[in-house]
Amino acid sequence: MDLATFLVQCLNSVQFGLLLFLVASGLTLIFGIMGVINLAHGSFYMIGAYMAYGLAPIVAGAVGGGFFATLAFGIVLSVVVGYLLEWAFFSYLYEREHLQQVLMTYGLILVFDELRSIIVDDDVHGVPPPDWLAGSIPLGDLMSYPVYRLFISGVCILLAIGMYFVFTRTRLGMMIRAGSTNREMVQSLGIDIKILYRFVFAAGVALAALAGMIAAPVSSVYPGMGEQVLIICFVVVVIGGIGSVRGALLAALLIGAVDTFGKVLLPSAAGVLIYVLMAAILLWKPAGLFRAG
Amino acid sequence: MAVSRSAVVLCLAALAGLLAWPAFASDFGVDLTTKILIYAILALSLELLVGQTGLVCFGQAAFFGIAAYATVRFSPEYDAAAIWWLLPSAVAASAVFALVMGALSLRTRGVYFIMVTLAFSQMAYYVIHDTPVGGGTDGIYLNVPPSVAVGSTQLLDLSDPLHFYYAALLALVTCFVMLAVALRSRFGRALAGIRVNEQRMRAAGFSTYPYQLAAFVLSGAIAGIAGFLFAIKDGFVNPELLSWHLSGAALVMIILGGLGHLRGAVIGAFALSLLEELFQSRELMGGFSDHWHLGLGASIIACVALLPRGLIGLPRMLRARLLGARQAGAP
């Protein structure tokens, strides 16, 4: 492998890792902080990608189009959907066993998949990146790197910094962290934890949908994309330590690197590598790399 | 765990119904029920871990698939193998895998345990999927089903759907009774203790690890019986038998049926499979059958919302509702 190829693969692995982080961070919020095992999280990623495909013409008709207008519209929509979902399906599950949530979210996956099939269709679609991000940067003589992938990495890094700031430096972050430790105590201190968590859930949904929207031009849009990303994201969350956003970031970059380089160096074993990695890490550290805290 | 008389009567009535079923059912009905019986065995094996021991395993399909592949691989190509050694060796294959997987996975707890078992089953999936052992995505065929014979007398002809139906029913009843007996023994009490409070069991002087590992291996072996039957039923195995979708479906079956009861697993297997069949059938659902996932998903959601104890809690809930209404209605 020469230097330029290596560099391209490095950039790819970072971009894939950061994208995984975006989906996994929503999962670790919902899963680690609210204690909900949400199997439908991958569906939100899928829905986001389909929004990038389906909303663009609608937004173009309404406000004249534009990439960011579509993104903004999609985010607002997914926050609303997430808020309503939490109210309708999750709000009464907190006191029940975890496994009830598994069953509920399994049902939601089926419903979302079928709604997608009814509203859009079952075909694979391509989504073009916006014109001003469509170019590529030359690397060496033969290789080049698409600008859009750099843009994805940039957006993910900005969001990671933003989340870090909100969690550790704001009152809101403090309330969320307190709630994950002791719900009843936070409630009795006069904070409406129900509404707070409803928004945390909505934010998690929006993060997954946003990841789907910005990934759509790179990965194309296809029906099974949600399930594929779901399992990898659970791997990320668990390796990183449940509830730890910092752990999720590190684990996502690790998985991104292992997956990308695995496909290049050991194509026959690429699929199994991340699971070997997860088993090895959990046998070494049974509670993930970073304990939540 | 006291078994109420009504539960025993209900189980026997269900058994009688299943015994008589082929007399009324079409070929399709018998075939479908055979499939459900096999899934019920798989669900039972998972119930032992999840409902009785409190270990949520997300890799049950690996045991199922490994036994199914072992059945095909151990059979001679153009001859019938004798079931007397084929079944034990297929079950041993999955039990050995369960022993290794359990020995390592049991170091972790809770959600981490769920994910480690998933990781091991995915490893098995990729080994079958990507190496010559499994014959790739297309799967492999079992040309001749094993023979069930003592000396030269043939007891059952497993290529006959009716014989196979009764063989599957016999396997389910055997597994069910064996588990019911095991759970009422000292071993089963220890498992229940571990489920409720592992710490306290340790303090009481139980070494919990061997018990959990034994439950894990037993569960893998029973799932192996289901996999063995599945390979013979279709005469065909493919890597999807090991996929996490099947592990997930088995989990859904036992939660749907009601955790903590062996019969919940069987009820759940029937409920999920029949719901699938119902929403897929073109005669009953018309054009809506193209979107059968929607109906299935909505029914599952409704079950979670309305039945916190699973289907097994339904009669009690109805009774409470009925009595409550009568009391409220009384002046």
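Structure first, text after, so check above.
Basis of the calculations
Residues numbered from 1 in each chain as written. Chains lettered and ligands numbered in written order. Predicted model: local features only at pLDDT ≥ 70, side-chain atom pairs only at ≥ 80, totals over all residues. Helix = DSSP H or I, 4+ residues; strand = E, 2+ residues; numbered from the N terminus. Expected span 1.5 Å × (residues − 1). Buried ≥ 20, exposed ≤ 12 C-beta atoms within 10 Å, placed from the backbone. Pairing = 2+ DSSP bridges. Core = buried A, V, L, I, M, F, W, Y, C linked by C-beta atoms within 7 Å. Contact = placed C-beta atoms within 7 Å. Axes fitted to C-alpha atoms, helices over the stretch in contact; angles between N-to-C directions. Left-handed = near helix turned anticlockwise from the far one by under 90°. Nonpolar A, V, L, I, M, F, W, Y, C, P; charged D, E, K, R; others polar.

Novice: In this structure, what is going on with helix α10 (residues 244-257) of chain B? I would like to understand it.
Specialist: Each turn of an α-helix holds 3.6 residues, which means side chains three or four residues apart point in the same direction. All names here are of chain B. Between its first and last C-alpha atoms α10 spans 20 Å; for 14 residues at 1.5 Å apiece the expected length is 20 Å, and the two agree. With 11 of its 14 residues buried, α10 lies for the most part within the structure. Listed as buried for α10 are Trp244, Ser247, Ala249, Ala250, Leu251, Val252, Met253, Ile254, Ile255, Leu256 and Gly257. Immediately beyond the C-terminal end of α10, within one or two residues, lies glycine 258, with a positive phi of roughly 125°.

Novice: Any chance you could explain the pairing of strand β3 (residues 153-156) of chain B here in plain terms?
Specialist: Within a regular strand, side chains alternate between the sheet's two faces. Residues and elements named next belong to chain B. Where strand β2 (residues 148-150) lies against β3, three bridges are found, and the strand directions are antiparallel. Within β3, the position partnered with valine 150 by the bridge is threonine 153. Connecting β2 to the antiparallel partner β3 that follows it, the hairpin turn spans two residues, and glycine 151 within it adopts a positive phi of roughly 60°.

Novice: In this structure, what is going on with unusual backbone geometry? I would like to understand it.
Specialist: Residues other than glycine predominantly adopt negative phi, and peptide bonds predominantly adopt the trans conformation. The residue Ser220(A) is not glycine, and still its phi comes out positive at about 60°. Looking at the element boundaries, Ser220(A) is found in the loop between α8 (193-219) and α9 (225-240).

Novice: How should I be thinking about the nonpolar core in this particular structure?
Specialist: Considering soluble globular proteins, one finds that nonpolar side chains tend to be buried as a cluster. Membership of the largest hydrophobic core comes to 200 residues, with the highest contact counts inside it found for Val236(A), Ala40(B), Ile41(B), Ala43(B) and Leu44(B). Sort the elements by how many residues they give to this core and α8(A) lands first, with 17 residues.

Novice: Please explain the environment of Ala269(B) as it appears in this structure.
Specialist: Residue and element names in this part refer to chain B. Secondary-structure assignment places alanine 269 in helix α11 (residues 262-280). Looking at alanine 269, the number of C-beta atoms within 10 Å reads 29, which means it is buried. Remark: the alpha-carbon pair of alanine 269 and leucine 251, spanning 18 residues in sequence, is separated by 9.8 Å. The residues contacting alanine 269, other than those within four sequence positions of it, are Ile36, Tyr39, Ala40, Ala43 and Met253.

Novice: Is there a simple way to explain the packing of helix α11 (residues 270-284) of chain A against helix α5 (residues 110-130) of chain B in this structure?
Specialist: Helix-helix packing is characterised by the crossing angle of the two axes and by the distance between the axes. Where α11(A) meets α5(B), the closest approach of the two axes is 9 Å, and the angle between their N-to-C directions is 145°. For the pair α11(A) and α5(B), the crossing hand works out as left-handed. Only Tyr112(B), Met115(B), Val116(B), Ala119(B), Phe120(B), Gln122(B), Met123(B), Tyr126(B) and Asp130(B) of α5(B) make contact with α11(A), whose side of the interface consists of Gly271(A), Val272(A), Tyr275(A), Val276(A), Met278(A), Ala279(A) and Leu282(A). Taken together, the residues of the contact of α11(A) with α5(B) sort by class into 13 nonpolar, two polar and one charged.

On their own, these measurements won't tell you what the molecule is for.
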